Amino acid sequence: MEGKELALSFHILYERLAPEYDYKTQKATKKFDENSANGKLMIAVCNELLPNLRARIKQLEDTFKHYHDHGSKRDRTDTCKECGLKVKGNIMANKEEIKFPPINN
Ligand SMILES: [Zn+2]
């Protein structure tokens, strides 16, 4: 997935859900235009978000794979009974947590 694809998906859902939240979206941006200032901004935001989303998903996958490989033997202190690996939240404790929103500078 690229920023453009995520931006378009976001736009479609945003327009579809707006009435349920009593929100009227802007007439000028009802149709997604990737070449408009608004479209370019949306794509740029999504392009910055995507690496963090991917990294976060990878961490979750790695963690779940670990427990799958070790028979889901996880005790109450979030420690793998098989190898003693610690987990912080849903993330293996030896990995840095991905922050949202992404702040890179
Ligand atoms: Zn383990």
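K.L.:
Lay out the overall build of the protein chain with the relevant residues and their values.
P.N.:
Of the regular secondary structure elements, the protein chain holds 2 helices and 2 strands. When its helices and strands are written in sequence order, the protein chain yields α-α-β-β. Of all 105 residues assigned to the protein chain, the portion counted as buried reaches 6%. Long-range pairs, those at least 24 residues apart, make up 52% of the contacts in the protein chain between residues at least 6 apart in sequence.

K.L.:
Account for unusual backbone geometry, naming residues and giving values.
P.N.:
Non-glycine residue Asp 22 carries a positive phi angle of around 50°. Along the chain, Asp 22 turns up in the loop between helix H1 (3-17) and helix H2 (37-69). For Asp 22, a count of 6 C-beta atoms within 10 Å gives the class exposed.

K.L.:
I'd like a rundown of the confidence of the model for the protein chain, residues and numbers included.
P.N.:
Across the protein chain, pLDDT averages 83, with 77% of residues at or above 70. Least confident of the elements in the protein chain is strand S2 (residues 91-92), whose mean pLDDT is 66; most confident is H1, at 95.

K.L.:
Describe H2, with residues and values.
P.N.:
End to end, H2 covers 48 Å across 33 residues, agreeing with the expected 48 Å (1.5 Å per residue, within 8%). At Leu 49, H2 shows its maximal bend, which comes to roughly 30°, and the proline Pro 51 appears one to four places after that position. Along H2, the residues classified as buried are Met 42, Cys 46 and Thr 63.

K.L.:
Give me the environment of Asp 33: which residues, what numbers.
P.N.:
Along the chain, Asp 33 falls in the loop between H1 and H2. When the 14 C-beta atoms within 10 Å are taken as the criterion, Asp 33 is described as partly exposed. Once the C-alpha coordinates of Asp 33 and Leu 8 are considered, the two residues, 25 residues apart in sequence, prove to be 9.1 Å apart.

K.L.:
Please set out the environment of Met 42 residue by residue, giving values where relevant.
P.N.:
Looking at where Met 42 falls in the secondary structure, it is placed in helix H2. Given 23 C-beta atoms within 10 Å, Met 42 falls into the buried group. Considered as a pair, Met 42 and Leu 8 are 34 residues apart in the sequence and their alpha carbons are 8.6 Å apart. Residues in contact with Met 42, not counting those within four places in the same chain, are Ala 7, Phe 10 and His 11.

K.L.:
Lay out the packing of H1 against H2 in plain terms, naming residues and giving numbers.
P.N.:
Axis separation between H1 and H2 bottoms out at 8 Å; the angle between their running directions is 115°. For the element pair H1 / H2, the angle class is roughly perpendicular. Helix-helix and strand crossings are classified by hand; for H1 and H2 the assignment is right-handed. Contacts between H1 and H2 involve Gly 3, Lys 4, Leu 6, Ala 7, Phe 10 and His 11 from the former and Met 42, Ile 43, Ala 44, Cys 46, Asn 47 and Leu 50 from the latter. Counted by class, the contact of H1 with H2 contains 8 nonpolar, 3 polar and 1 charged residues.

The rules we used
- Residues numbered from 1 in each chain as written.
- Predicted model: local features only at pLDDT ≥ 70, side-chain atom pairs only at ≥ 80, totals over all residues.
- Helix = DSSP H or I, 4+ residues; strand = E, 2+ residues; numbered from the N terminus.
- Buried ≥ 20, exposed ≤ 12 C-beta atoms within 10 Å, placed from the backbone.
- Contact = placed C-beta atoms within 7 Å.
- pLDDT = per-residue confidence, 0-100.
- Expected span 1.5 Å × (residues − 1).
- Bend = angle between axes of the 7 residues up to and from the residue.
- Axes fitted to C-alpha atoms, helices over the stretch in contact; angles between N-to-C directions.
- Parallel < 35°, antiparallel > 145°, perpendicular 65-115°, else oblique.
- Left-handed = near helix turned anticlockwise from the far one by under 90°.
- Nonpolar A, V, L, I, M, F, W, Y, C, P; charged D, E, K, R; others polar.

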